[in-house]
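Structural features, examined
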Amino acid sequence: MGRVEGKVALITGAARGQGREHAIRLAEEGADIIAVDVPREIIDIAYDAGTADELAETARFVEKLGRRVVTLDVDVRDAEALTNGVTGAVAELGRLDIVSANAGIASNPHLAHEIPEATWQQMLDINLTGVWHTAKAAIPHLIAGGQGGAIVLTSSAAGLKGYAHIAHYVSAKHGVVGLMRSLANELASYGIRVNSIHPTQVDTPMIQNEGTYRIFRPDLETPTREDFEPASAATNALPIPWVEPRDVSNALLFLVSDEARYITGATLPVDAGCLIK
């Protein structure tokens with residue numbers, strides 16, 4: 001216990017799924033949390049986005065662990081609101097040490113040449129530009145703190161290989177890797193490490209929905225979770241259909257802890273072997 005004791009972590013997409021689990025896991029290890037979520041309108045996805053009530057529930061989980069938490073109802077596409085919110089939260093909590101740029105969306109499936117313009121733009125605005133906005137909002141505080149820091153950008157297995165029917169998602173997640181590598185070079189002299197994590201399917205609402213089911217089972221008109229499970233398992237080398245949010249959070253915790261103090265510019269898969277299959 002206490003691997004990030006006394007530190008403050010900024011986490012986007014914290015209302016549910018991986019982001020909530022990241023907040024809980026880091027709080028368990030001693031961090032105070034700045035939890036960001038609640039996007040404005042999102043189109044062409046098959047699941048509900050995070051809500052203010054869910055973000056408040058994340059905060060309650062953190063508080064039950066005896067840690068401080070500040071919530072920001074901010075869409076990562078809104079750079080000004082995000083920057084202002086982070087600045088206020090850092091002033092309240094006194095410092096910033098860790099950044100998890102986790103907010104992202106999936107999409108309904110489309111062939112690359114048939115992706116609607118608005119769907120393509122939304123994907124890049126959230127999954128790539130939103131990550132950049134998060135870095136922009138956080139980095140000045142990390143530098144000003146003078147104690148180094150750790151940034152982890154959430155990419156995907158789709159950030160390291162191509163998948164059919166989600167070219168916009170694949171493109172954004174590959175872009176996250178390029179951003180990570182540039183930031184790792186730019187920030188190394190400040191003692192700030194930057195890495196990316198690359199999950200396979202994670203058991204959250206982002207994959208457990210009809211849109212994802214149809215990507216993996218295009219042969220069925222209305223595929224179900226039960227139809228999706230063996231198709232998802234077939235993509236992994238290990239005999240499992242998906243990992244749990246906790247598995248990704250444990251990888252994040254390692255990367256932001258002193259155990260990874262000399263690791264920067266790395267792409268860490270949490271992928272059950274899907275990238276080697």
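The notes below deal with the structure included here. (Residues numbered from 1 in each chain as written. Predicted model: local features only at pLDDT ≥ 70, side-chain atom pairs only at ≥ 80, totals over all residues. Heavy atoms only, no water.)

1. A few points about the packing of helix 1 (residues 17-28) against helix 8 (residues 245-256)
At a minimum axis separation of 9 Å, helix 1 and helix 8 run at an interaxial angle of 50 degrees. With respect to helix 8, the element helix 1 is oriented oblique. Between helix 1 and helix 8 lies a crossing of right-handed hand. When helix 1 is examined against helix 8, the residues Gly17, Gln18, Glu21, His22, Ile24, Arg25, Leu26 and Glu28 are found in contact with a partner set consisting of Pro245, Arg246, Val248, Ser249, Asn250, Leu252, Leu253 and Val256. (Axes fitted to C-alpha atoms, helices over the stretch in contact; angles between N-to-C directions. Helix = DSSP H or I, 4+ residues; strand = E, 2+ residues; numbered from the N terminus. Parallel < 35°, antiparallel > 145°, perpendicular 65-115°, else oblique. Left-handed = near helix turned anticlockwise from the far one by under 90°. Contact = heavy atoms within 4.5 Å.)

2. Remarks on the pattern of salt bridges
Counted by the stated rule, this structure contains 16 salt bridges. Ionic pairing is found between Asp258 and Lys7, a salt bridge with its closest N-O pair at 3.9 Å. Residue Asp258 is located in the loop between helix 8 and strand 7 (267-270), and its partner Lys7 is located in the segment before strand 1 (8-12); the two are separated by 251 residues in the primary sequence. Classification of Asp258 as exposed rests on a relative accessible area of 54%. Through salt bridges with shared partners, one network takes in Glu21, Arg25, Glu28, Glu29 and Arg246. (Salt bridge = Lys/Arg side-chain N within 4 Å of Asp/Glu carboxyl O. Buried < 20%, exposed > 50% of the residue type's maximum accessible area, 1.4 Å probe, protein only.)

3. Focus: the sheet that holds strand 3 (residues 69-73)
Spatially, 3-2-1-4-5-6-7 is the arrangement adopted by the seven strands of the open sheet, whose pairing is parallel. The sheet is open, and its two edges are formed by strand 3 and strand 7, each paired on a single side. This sheet shows a mean twist of 15 degrees between the axes of neighbouring strands, independent of strand direction. Where strand 6 (residues 192-199) lies against strand 7, four bridges are found, and the strand directions are parallel. Residue Pro199 lies in a different strand from strand 7, and its bridge partner there is Val270. Packed onto the sheet, helix 2 (residues 52-64) meets strand 2 (32-37) and strand 3 and runs at close to 170 degrees relative to strand 3. Along the sheet, helix 5 (residues 167-187) makes contact with strand 5 (149-154), strand 6 and strand 7, crossing strand 6 at roughly 160 degrees. (Pairing = 2+ DSSP bridges.)

4. Focus on the environment of Gly50
Among the secondary structure elements, Gly50 is positioned in the loop between strand 2 and helix 2. Of the residues examined, Gly50 reaches a relative accessible area of 15% and is grouped as buried. On a C-alpha basis, the gap between Gly50 and Arg16 in space is 6.4 Å, while along the polypeptide they are 34 residues apart. When near neighbours in sequence (up to four residues on either side) are disregarded, Gly50 contacts Ala15, Arg16, Asp37, Val38 and Pro39.

5. As for the packing of aromatic side chains
Per the stated rule, a full pass over the model turns up three aromatic pairs. Residues Phe216 and Phe228 carry aromatic rings whose centres are separated by 5.2 Å and whose planes lie at 65 degrees to one another, so their mutual orientation is edge-to-face. On the criterion of sequence distance, the pair formed by Phe216 in helix 6 (residues 210-216) and Phe228 in helix 7 (residues 225-233) is long-range, its members being 12 residues apart. Each member of the pair Phe216 and Phe228 is classed as buried. Three or more aromatic residues joined by ring pairs form one cluster here, namely Tyr213, Phe216, Phe228 and Trp242. (Phe/Tyr/Trp six-rings, centres within 6.5 Å; stacked < 30°, edge-to-face > 60°.)

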